[in-house]
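Notes for the structure review
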Amino acid sequence: MKFGELPQNARQYINGRWETGVTTGISQNPSDTREVVAEYARADRNQTELAIRAAAEALPHWSHSTPQRRADVLDHIGTEILARKAELGLLLAREEGKTLPEAIAEVARAGQIFKFFAGEALRVQGESMASVRPGVQVDVTREPVGVVGIIAPWNFPFAIPAWKIAPALAYGNSVIFKPAELVPACGWALAEIISRSGLPAGVFNLVMGSGREVGQALVDSPRVHALSFTGSVATGERILQTTAARRAKVQLEMGGKNPLIVLADADMDQAVDCAVQGAYFSTGQRCTASSRLIVETGVHDAFVARLRQRMAALKVGHALDRDTEMGPVVDRSQMEQNQAWLEIARAEGAEHIWGGDLLERATPGHYMSPALFLAKPEHRVAREEIFGPVACVLRADNYEHALALANDTPFGLCAGICTTSLKQAMHFKRHAEVGMTMVNLPTAGVDYHVPFGGRKGSSYGPREQGRYAAEFYTTAKTGYMRA
Ligand code: NAD
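Residues numbered from 1 in each chain as written. Predicted model: local features only at pLDDT ≥ 70, side-chain atom pairs only at ≥ 80, totals over all residues. Heavy atoms only, no water.

Let us now look at helix α6 (residues 184–195). In this model α6 runs 16 Å from its N-terminal to its C-terminal C-alpha over 12 residues, within 8% of the 16 Å that 1.5 Å per residue would give. The buried count for α6 comes to 11 of 12 residues, which makes it a mostly enclosed element. Taken as a whole, α6 has its buried residues at Pro184, Ala185, Cys186, Gly187, Trp188, Ala189, Leu190, Ala191, Ile193, Ile194 and Ser195. (Helix = DSSP H or I, 4+ residues; strand = E, 2+ residues; numbered from the N terminus. Expected span 1.5 Å × (residues − 1). Buried < 20%, exposed > 50% of the residue type's maximum accessible area, 1.4 Å probe, protein only.)

With that settled, consider empty space enclosed by the protein. Inspection of every chain in the model, using the stated rule, returns 5 cavities of 30 Å³ or more. Here the largest cavity is characterised by a volume of approximately 90 Å³. In this structure, the largest cavity is lined by 16 residues; those nearest its centre are Gly284, Ala289, Ser291, Phe387 and Gly388. Of all elements in the fold, only β13 (290–296) and β16 (390–396) reach the threshold of two or more residues within the lining of the largest cavity. Looking at side-chain class alone, the lining of the largest cavity contains 7 nonpolar, 6 polar and 3 charged residues. When its volume is computed, the second largest cavity comes out at roughly 70 Å³. Lining the second largest cavity are 15 residues, and of these Pro259, Ala406, Thr409, Phe411 and Val434 sit closest to its centre. (1 Å grid on protein atoms, 1.4 Å probe; cavity = no way out; pocket = protein on both sides within 12 Å on 5 of 7 lines; lining within 4 Å. Points joined across faces, edges and corners; volume = space filled by probe spheres on them. Nonpolar A, V, L, I, M, F, W, Y, C, P; charged D, E, K, R; others polar.)

Before going further, it helps to spend a moment on the sheet that holds strand β6 (residues 136–144). Strand order in this open sheet of 3 strands is β5-β6-β20, and the pairing throughout is antiparallel. Taken across any chain shown, the strands that pair with only one partner, and hence form the sheet edges, are β5 (127–130) and β20 (474–482). If you compare each strand with its neighbour and ignore which way they point, the axes differ by 20° on average. Bridging between β5 and β6 involves 4 bridges; their strand directions are antiparallel. Note that in β6 the partner of Met129 across the bridge is Val138. (Pairing = 2+ DSSP bridges. Axes fitted to C-alpha atoms, helices over the stretch in contact; angles between N-to-C directions.)

Moving on, we come to the site of the ligand. Neighbouring residues of the ligand: 27 residues in total, closest Ala152, Ser232, Met254, Cys287 and Glu385. Here Ala152 contributes a backbone N or O atom positioned 2.7 Å from an oxygen atom of the ligand. Interatomic distance of 3.0 Å between a side-chain N/O atom of Trp154 and an oxygen atom of the ligand. Contact with the protein chains covers 89% of the free accessible surface of the ligand, which is 840 Å². Judged by the fraction of its atoms near the pocket grid, the ligand is located in the largest pocket. Elements represented by at least two residues in the shell around the ligand include exactly α7 (211–220), β10 (226–230) and α8 (233–245). No other element matches the 4 residues that α7 contributes to the shell around the ligand. (Near = heavy atom within 4 Å. Polar contact = N/O pair within 3.5 Å; in protein donor to acceptor, adjacent residues only side chain to side chain. Areas by Shrake-Rupley, 256 points an atom, 1.4 Å probe, with all protein chains shown as cover. Sits in = over half its atoms within 2 Å of the grid points.)

Okay, here's the thing in structure tokens:
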């Protein structure tokens with residue numbers, strides 16, 4: 001099948017077989033809402049139970065498979081994703097709305113992640129230590145955590161599932177993957193590649209459908225030993241309550257309200273570039289987006305003027321148009337939320353600097369111009385996640401004030417600073433209350449071989465990605481031995 005066309009009947013993948021669902025759903029192209037991207041099968045609780053049972057039955061065999069076998073499977077998946085990145089990127093741009101170059105880069109990232117974990121499967125490490133008792137040997141080994149439920153959001157429909165599924169399989173777990181409802185074709189395309197990688201039936205399962213039914217079934221099931229979730233704070237908090245009550249292992253990656261500090265000594269071209277990329281690329285629909293631009297007073301007005309100029313020139317359009325820099329908002333509901341935020345900002349007294357207008361293009365899509373406000377720290381627009389192309393500028397008296405503003409948030413995913421001062425960059429790296437810091441770089445944009453995650457309200461549980469992923473997808477066993 002060609003992905004330029006409608007996927008024929010995207011189905012569930014359960015116990016090694018493609019299954020129809022209980023109902024069907026569709027996904028639409030946000031750049032052209034007349035276009036249906038996928039028709040897909042939607043599961044209910046019972047069908048999700050079947051997938052969970054299949055994963056539980058497949059676990060004993062797979063969890064004792066050799067590292068070489070797992071490495072071969074993951075390498076196979078990564079190789080195919082990389083070879084097909086242009087075609088899969090086109091599907092992603094059509095279904096989620098990010099620009100084609102962004103989409104192809106995301107697919108390539110997913111391929112690299114599978115390749116990385118193919119290597120990690122061969123490097124599962126333990127420790128051997130001297131015992132405190134005479135004649136005793138002690139070691140610590142790592143074992144799979146068990147059946148893993150993976151619940152993903154819509155904004156990175158290849159990369160986020162990849163960075164959860166790849167380590168889960170690498171360390172010998174079985175998986176039930178539930179993609180977000182807006183991006184079933186991407187979830188299905190990834191599953192289709194995984195289905196041909198040589199995995200035994202039941203080790204990997206795809207169930208599509210609503211969060212309330214399919215997602216909740218994964219969260220509730222005592223057979224699911226670990227749950228990895230990326231999505232909104234509200235859903236994450238609900239999942240935490242249920243999984244904590246049944247003592248399942250859980251990892252939550254949730255929202256952000258990430259600051260980018262611009263100091264008076266910064267390279268202004270670089271700072272404006274970091275702000276535009278961080279706040280508006282991928283239509284601001286990134287948990288790592290820079291939605292709070294904290295600018296030192298000496299350069300505040302000049303920075304805002306230059307940023308506004310750059311925003312006015314930003315090309316908003318169809319995700320597949322060659323010169324588009326910012327694609328559409330993902331769907332109508334997210335667009336309504338973005339528009340409601342503009343109203344909230346105005347009503348609170350934030351000063352509107354630019355954008356937020358609904359735009360008409362050649363095709364009917366969810367287009368809006370990037371928006372900027374001058375806000376006060378107490379404004380909701382400066383405190384709550386919007387998840388759209390809406391950013392605000394906060395004025396800071398000096399570096400110390402900027403740092404205090406940056407940390408004055410319930411979130412703690414990432415934080416950036418633009419400065420030429422080594423002293424202040426080093427101080428910031430140590431004192432920003434986040435999981436990731438960026439100096440003279442956009443807050444969005446990370447590597448795949450190092451930990452990803454945050455502090456405070458942004459994340460819960462062990463970090464994702466890189467070698468640190470082993471913390472979540474394995475459990476430690478301490479062995480004592482005497483001859
Ligand atoms: P969402 O919370 O609505 O949905 C995320 C996933 O959870 C979807 O698959 C959904 O179907 C499922 N879900 C919904 N209700 C559920 C329930 N009761 N039980 C189990 N699963 C349920 O979030 P979204 O709208 O898809 O994504 C946007 C949000 O994701 C933003 O808030 C953003 O900040 C966050 N996000 C965070 C990161 C990160 O790494 N921190 C990355 C990307 C997105």
